[in-house]
Amino acid sequence: MAYYNGRKEAPPEVETKVWSCTNDDCAGWMRENFTFESEPSCPLCQSEMIKDTKTLPQIN
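Residues numbered from 1 in each chain as written. Predicted model: local features only at pLDDT ≥ 70, side-chain atom pairs only at ≥ 80, totals over all residues. Heavy atoms only, no water.

A. Here's a closer look at unusual backbone geometry. Positive phi, normally seen in glycine, also occurs at Gln 46, with a value near 65 degrees. Tracing the chain through its elements places Gln 46 in the loop between β2 (29-31) and β3 (49-57). On the basis of relative accessibility, which here comes to 53%, the residue Gln 46 falls in the exposed class. (Helix = DSSP H or I, 4+ residues; strand = E, 2+ residues; numbered from the N terminus. Buried < 20%, exposed > 50% of the residue type's maximum accessible area, 1.4 Å probe, protein only.)

B. Highlighting the pairing of strand β1 (residues 13-21). Across nine bridges, β1 lies against β3 in antiparallel orientation. Across the sheet, the residue bridging to Glu 13 is Pro 57, located in β3. (Pairing = 2+ DSSP bridges.)

C. Focus on the side chain of Ser 47. Examined against the element boundaries, Ser 47 turns out to sit in the loop between β2 and β3. Residue Ser 47 is classed as buried on the basis of its relative accessible area of 19%. Each residue touching Ser 47, except ones within four places of it in the same chain, is listed here: Cys 21, Thr 22, Asn 23, Ser 41 and Cys 42. (Contact = heavy atoms within 4.5 Å.)

D. Summary view of the pattern of salt bridges. With the rule as written, the count across this model stands at one salt bridge. The shortest N-O distance in the salt bridge between Glu 32 and Lys 51 comes to 3.3 Å. Pair noted here: Glu 32 is in the loop between β2 and β3 and Lys 51 is in strand β3, with a separation of 19 residues, a long-range link. Taking the relative accessible area as the measure of exposure, Lys 51 reaches 56% and is therefore exposed. (Salt bridge = Lys/Arg side-chain N within 4 Å of Asp/Glu carboxyl O.)

The values reported here are purely geometric and, on their own, carry no functional implication.
Laid out in structure tokens, this is it:
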């Protein structure tokens, strides 16, 4: 008899383009393909953001 413990396989992680907040006191970031502006401001502190990359779970 097999038991199901509710664990699911984690999605694969990929290098993802993101916008990162330039304010050292803020940890804000967002995926590049989730922005509506060409140069967004941080939604948490309204500071400038720069392009960066992060290793994140893949979204289909």
